[in-house]
Amino acid sequence: ASGHFNNFGIMQVASFGPISGTGNQLEATQNDYQDVPNMTLTITPKVATSKILYIASVGFWMAEVTGRIKVVENSSGSFVDLHEMRMQGNEAGQGSTGGNVMLMGLLDHNTTNAITFKVQGAKEDYTSSNNRFRINWYGQEALGLAFEIGNI
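The linkage connecting Gly17 with the following residue, Pro18, adopts the cis geometry, with an omega of 5 degrees. Mapped onto the elements, Pro18 comes out in strand E1 (residues 9-19). The phi torsion at Tyr138 lies on the positive side, around 55 degrees, for a residue other than glycine. With respect to the secondary-structure elements, Tyr138 resides in the loop between strand E9 (133-135) and strand E10 (142-150). Exposure remark for Tyr138: the relative accessible area of 54% places this residue in the exposed category.

Next up, the structure:
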């Protein structure tokens, strides 16, 4: 029976966090996406036909404007979007509120080259006093995981 169950189940895991604190925060004041410091991980698949399950749990605070958080990946030489969440509901300048968002998905990669996942953030296209959308702020913690899963 040996050899019949190679590359089944979880084959490996890569992670970042849990992280918090000033070196791991992004205060997004731009409409363009920016990398959130230290919210990057790399996994090198052992099998090209496996899948990568990625999960990122990220806290946010809408100081003056709402914002966006996304996960991007680079397995082919350039970063592409995987999953985006938009924090909506407040009008610009109408008070502060925060929360946590979970971004996840299953990547079909077809490579044994390293795959890098990054969390990025941006403010929404609104204008208000300081235009601040904060990620991983006020003691919030972030966590990222990537699991290589075989034969699913």
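A general tendency of soluble globular proteins is for nonpolar side chains to be buried together. Membership of the largest hydrophobic core comes to 29 residues, with the highest contact counts inside it found for Met39, Val58, Ile69, Phe117, Val119 and Phe133. Element by element, the count of residues in this core is highest for strand E4 (residues 51-62), at six residues. The contacts of Val58, once residues within four sequence positions are left out, are Met39, Ile69, Gly99, Asn100, Val101, Val119, Ile135 and Ala142.

So, about the side chain of Gln120. With respect to the secondary-structure elements, Gln120 resides in strand E8 (residues 115-123). Within the structure, Gln120 has its side chain in polar contact with the side chain of Asp35 (distance 2.7 Å). Other than its neighbours up to four places away in sequence, Gln120 contacts Tyr33, Gln34, Asp35, Val36, Arg68, Ile69, Lys70 and Val72.

Side chains that carry opposite charge are capable of pairing whenever their charged atoms lie near each other. Here the structure, examined in full by the defined rule, presents seven salt bridges. Put simply, Arg134 and Glu27 hold a salt bridge, and the shortest N to O gap is 2.7 Å. A residue pair is termed long-range when its members are at least 10 positions apart, and Arg134 in strand E9 and Glu27 in strand E2 (residues 26-28) qualify at 107 residues. Residue class for Glu27 comes out partly exposed when judged on its relative accessible area of 31%.

Criteria and cut-off values
Residues numbered from 1 in each chain as written. Predicted model: local features only at pLDDT ≥ 70, side-chain atom pairs only at ≥ 80, totals over all residues. Heavy atoms only, no water. Helix = DSSP H or I, 4+ residues; strand = E, 2+ residues; numbered from the N terminus. Buried < 20%, exposed > 50% of the residue type's maximum accessible area, 1.4 Å probe, protein only. Core = buried A, V, L, I, M, F, W, Y, C linked by side-chain atoms within 4.5 Å. Contact = heavy atoms within 4.5 Å. Polar contact = N/O pair within 3.5 Å; in protein donor to acceptor, adjacent residues only side chain to side chain. Salt bridge = Lys/Arg side-chain N within 4 Å of Asp/Glu carboxyl O.

Geometric values such as these leave the question of function open.
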